[in-house]
Each structure stands twice: as structure tokens, then as C-alpha cells.
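A look at the structure
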Amino acid sequence: MPELPSRRAALRGLGAAGLLAALAGCGVPAAYVPEDRRRAPDLSDRDRALAFSNWPLYIDTDDEDEESRPTLEAFTRKTGIQVRYTEEINDNDEFFGKVSPALMNHQATGHDLVVVSDWMAARFVHLGWAQKMDRSAQSNVARHLDPQLRSPAFDEGRLHTVPWQSGITGIAYNRRALGREIKSVKDLWHPDLAGRVTLFSGLDESFSLLMQGNGTDVTRWTESDFHRMCDQVENMVRKKHIRRFTGNDYTSDLGKGDVLACQAYSGDAIQLRADNPDIEFVVPEEGGELWAESLLVPNLARHKANAEALVDHYYDPAVAAELAAAVNYVCPVPAAREVLAASPDQETARLAENPLIFPDDAMRRRLAVARDISSAERPALAKRWNAIVGL
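Here goes a summary of the coordinates provided. (Residues numbered from 1 in each chain as written. Predicted model: local features only at pLDDT ≥ 70, side-chain atom pairs only at ≥ 80, totals over all residues. Heavy atoms only, no water.)

Now for the overall build of the chain. What the chain contains, in helices and strands, is 16 helices and ten strands. Its C-alpha atoms give the chain a radius of gyration of 21 Å, near enough to 21 Å, the size a compact globule of 391 residues would have. Taking the principal axes of its C-alpha atoms as reference, the chain extends roughly 65 × 60 × 35 Å. Intrachain contacts of the chain at a sequence separation of at least 6 include 79% that bridge at least 24 residues. (Helix = DSSP H or I, 4+ residues; strand = E, 2+ residues; numbered from the N terminus. Rg over C-alpha atoms; globule rule 2.2 N^0.38 Å. Contact = heavy atoms within 4.5 Å.)

What follows is the structure, given as C-alpha cells:
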């Protein structure tokens, strides 16, 4: 299976927040769009098509033909809806910068369905740039969406977003080379790891796990919790305990042995362990972050009903199981576990027992969906974090 790029692309500087400020300074109308101004005439009935944009390598493909995407093709056979599928989202902020001028000016983006990280989905929701989905037409979503992902703080009741895939931020380490277990975030600061630890450079990717190490309830963290965490990281930077801050290239550092422990994503850990069984992934005793990348329908999409039908297709447990087997992230459809368990292929059936794809109850008790960073908080918090990281 090919190495997947990070699904949690790092925020660089003030990024899109700075773009919004610049646009506002140029006399662009107020960014927020009320619910009753988000819809365009829906062409779904007479134009059986939709435009779906996703991250690279984030969908199932045929072993014999990488251009073939079986779950999308099954949707077209079932509904007659043709999907124009593009892998154009490589970075959350970059994509936001591409579509925000149109959305800010109440213009269509050309996208009917997109996948962005939940912290970016929060920005779309808060700006009123994501349409409310018709759950009456999405019986699979209503029935099968993971209860732990049903009502994030930024989109209560999941009215405007639906998880595509989910994942866990925890710690990966080389058990054999380190010679001991890692059980806690605090274990990262042990003297035997000096210069052999990496953390994520992105603010949204990093802060939750590090705060959880301090016993913070990340569903309702405060700015004082954030600055306490930053003080600790800053101290470790001064001591040269942290080797560097990374994007998804941490997988290379760990695989080569340049680092012994690092912040890591569960989906990457499955691949790392397949190549090197000495690599372990742990959800710390204090907890880990449960996150998602979510589907949303941007304002003025012309094929909203078709997009909603595709979302519901992926919440059919059989389809969700096929996708989970391909990408190895946390499946947002728990019922897919039974489908995989019943597979005659032993390797596929074993995926049903993998707690990094289907977390068990014990692991779920240690997972939390972090409160997102508000637009008011972001400039100051990003400035503090980026100064530490060196962005």
C-alpha cells in the first residue's frame, strides 16, 4: 500500500486568516453568509453529475488499475450519477485560499463536495460557507455515523459536515531501539530521548495531545492551558530536547532511526508497523485526540442533492468497509467492522480487530475531540506557536 500524505496539513503563519483580513480591507462584503443565502438552484435531477474534490491517495483503487475507484464506480452504477473526482486538496490553507474569494463574494466555487480537516471545516461553518445537508435523504448517515463524532463543538448535530475518515493523534516510537515503553506524553521528555523527539509543526495538529499530557480537558481548554503547554515546549526547544518540528516527514525520521519517538497519526502508524514491527503506536494514559476530515457542500453548489447521495453511499457499512480496508484510518462507520470481520480473506478480516481502525471501548474512553481554535483566538495563538516552531 503506498504511503499516504498527511491528512492534517500544517497551518503556515496566519495563512487564510490573513487573507480574509486583506480581502476585508479591500472593501469586499462581510464574509458571513446567512443560511438562507447559501443555496443555488439545484440541477441534480436533470444533470446527473457532481464535482468531488479530495486529498491524494485517500480513496480505494483497483489493484490492477490505479485510475479505477471501485466505490465511486459502484455509486455511478447504482444511481446513474457521474462523479468528476479530483485529488486537488494538498493543504487546507492552500485550498481555502483558492475558494475563499468566490465564497466571500457569494459566487459558486465549481465544487459540489469537498474534504477538509475538521479545524478547517470549522472555519467554513463559522463563516456560513457550508450548506446544511438534508438528513432526510441520508438514512445511512443518520443510522451509522460514529456517536463520538456526531456533534463536534463547531457543528453541533453535524448539520453541515459529515466525517470522511477519522484518526487518532498519539505517539509512535521504536520500542527495540528505546528499550522501554512509552505510556505518557511526559515520557517524551525523559533524558534518554534528548534530541531524538519530533513534534508536529502545525498548530492545529499539535496542541491537543500536548495539552492532554497536562491533564487538560481539551473539549473546553482555555488560553491559559495553551500558554502553559507552550512554556513547556519552549523550554524543551531551549534544551535541544526536540530534534525538530515536522509535517508528515516524521515517518521518514522514525523509519530511519533518526528519532526514537514522535507525535504521530494512527493511519501512518499502521503502515510504519507493517514495514518495521519494532514501531509501536500508543494513545497516552492522559488521552489522545480523535479527529476527522469531513465532507461538506460549499455554498451555491449546483448538484447538492447528488452530493448528499454520494455522502450517504459512503455510510453504507459495506462501502465504508471497502474504503477503510484501503486507507487504514479510523472508520467513522462502526458497523463496517462486522462487514470486514466476515471477509473470507484473513488479512482483511484482521482489520476488524485493529483498534486503530475500530477503537475498542477502552481506547475510546481515552479519546477526545478537541475544541477548535476560534477566529478571535487564532492570531495570537498562532503567533506564539509559530515563534516556537520557527515558522
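Here we take up the pattern of salt bridges. As enumerated under the stated definition, the model contains 21 salt bridges in all. The residue Lys 98 makes a salt bridge to Glu 88 at a minimum N-O spacing of 3.2 Å. You can see Lys 98 sitting in helix 3 (residues 92-104) and its partner Glu 88 sitting in the loop between strand 2 (82-86) and helix 3, a full ten residues away along the chain. The partner of Arg 384 in a salt bridge is Glu 234, and the shortest N-O contact between them spans 2.9 Å. Taken together, the residues Arg 384 in helix 16 (residues 378-389) and Glu 234 in helix 8 (residues 223-238) connect sequence positions 150 residues apart. Linked through salt bridges whose partners overlap, the residues forming this network are Asp 231, Glu 234 and Arg 384. (Salt bridge = Lys/Arg side-chain N within 4 Å of Asp/Glu carboxyl O.)

With that settled, consider empty space enclosed by the protein. Across all of its chains, the model carries one cavity of 30 Å³ or more by this definition. When its volume is computed, the largest cavity comes out at roughly 40 Å³. What lines the largest cavity is simply Pro 163, Trp 164, Gln 165, Leu 295, Tyr 314, Tyr 315, Ala 320, Leu 323, Cys 331, Pro 332 and Val 333. For the lining of the largest cavity, the elements supplying multiple residues, two or more each, are strand 4 (161-174) and helix 12 (317-327). Of the residues forming the lining of the largest cavity, the biggest block, three residues, is contributed by strand 4. Residue composition of the lining of the largest cavity, by class: ten nonpolar, one polar and no charged. (1 Å grid on protein atoms, 1.4 Å probe; cavity = no way out; pocket = protein on both sides within 12 Å on 5 of 7 lines; lining within 4 Å. Points joined across faces, edges and corners; volume = space filled by probe spheres on them. Nonpolar A, V, L, I, M, F, W, Y, C, P; charged D, E, K, R; others polar.)

Here the focus is the pairing of strand 3 (residues 113-117). Most of strand 3 is tucked away, with five of its five residues classed as buried. The pairing of strand 1 (residues 49-53) with strand 3 spans two bridges and is classified as parallel. Note on strand 3: the bridge partner recorded for Phe 52 is Leu 113. (Buried < 20%, exposed > 50% of the residue type's maximum accessible area, 1.4 Å probe, protein only. Pairing = 2+ DSSP bridges.)

In contact at an axis separation of 11 Å, helix 7 (residues 203-212) and helix 16 are set at 85 degrees when each is read in the N-to-C sense. Compared by their axis directions, helix 7 and helix 16 come out roughly perpendicular. Judged by residue contacts, Leu 203, Asp 204, Ser 206 and Leu 210 of helix 7 engage Arg 378, Leu 381, Ala 382 and Trp 385 from helix 16. (Axes fitted to C-alpha atoms, helices over the stretch in contact; angles between N-to-C directions. Parallel < 35°, antiparallel > 145°, perpendicular 65-115°, else oblique.)

Turning our attention to the environment of Glu 73. Counting through the fold element by element, Glu 73 comes out in helix 2 (residues 70-79). In this structure, the C-alpha to C-alpha distance between Glu 73 and Ala 274, residues 201 residues apart in sequence, is 29 Å.

Here we take up helix 10 (residues 266-275). Of all ten residues in helix 10, seven are buried, a share of seventy percent or more. For helix 10, the elements touching its buried residues are strand 4, helix 9 (250-256), strand 7 (261-265) and strand 8 (279-282).

Attention now moves to the nonpolar core. Membership of the largest hydrophobic core comes to 83 residues, with the highest contact counts inside it found for Phe 52, Leu 113, Phe 124, Trp 129, Trp 164, Ile 168 and Leu 310. Examining the composition of this core, we find that seven residues originate from one element, helix 4 (residues 118-127), more than from any other. Apart from the residues lying within four places of it in its own chain, the contact partners of Phe 124 are Phe 96, Val 99, Leu 103, Trp 129, Ala 130 and Leu 296. Ranked by size, the runner-up nonpolar core spans 34 residues in total, among them Val 185, Val 197, Val 282 and Ala 382. (Core = buried A, V, L, I, M, F, W, Y, C linked by side-chain atoms within 4.5 Å.)

A few words now on the packing of aromatic side chains. Enumeration according to the criterion identifies 16 aromatic pairs in this entry. When the ring of Phe 200 is compared with that of Tyr 265, the centres are 4.4 Å apart and the planes differ by 20 degrees; the resulting orientation is stacked. Of this pair, Phe 200 sits in strand 5 (residues 197-200) while Tyr 265 sits in strand 7, and the two are 65 residues apart along the sequence. The same class applies to Phe 200 as to Tyr 265, namely buried. Here Trp 221 and Phe 226 contribute two aromatic rings whose centre-to-centre distance is 6.5 Å and whose plane-to-plane angle is 35 degrees, an arrangement assigned as tilted. The pair formed by Trp 221 and Phe 226 is uniform in burial state, with each residue classed as buried. Feature note: the residues Phe 52, Tyr 58, Tyr 85, Trp 164, Phe 200, Tyr 250, Tyr 265, Trp 291, Tyr 314 and Tyr 329 constitute an aromatic cluster, connected by ring pairs. Stacked on the ring of Phe 96, the Lys or Arg Arg 123 has its end atom at 5.2 Å from the ring centre. A cation over an aromatic ring shows up here: Arg 371 above the ring of Trp 221, its NZ or CZ 3.8 Å from the ring centre. (Phe/Tyr/Trp six-rings, centres within 6.5 Å; stacked < 30°, edge-to-face > 60°. Lys NZ or Arg CZ within 6 Å of the ring centre and 35° of its normal.)

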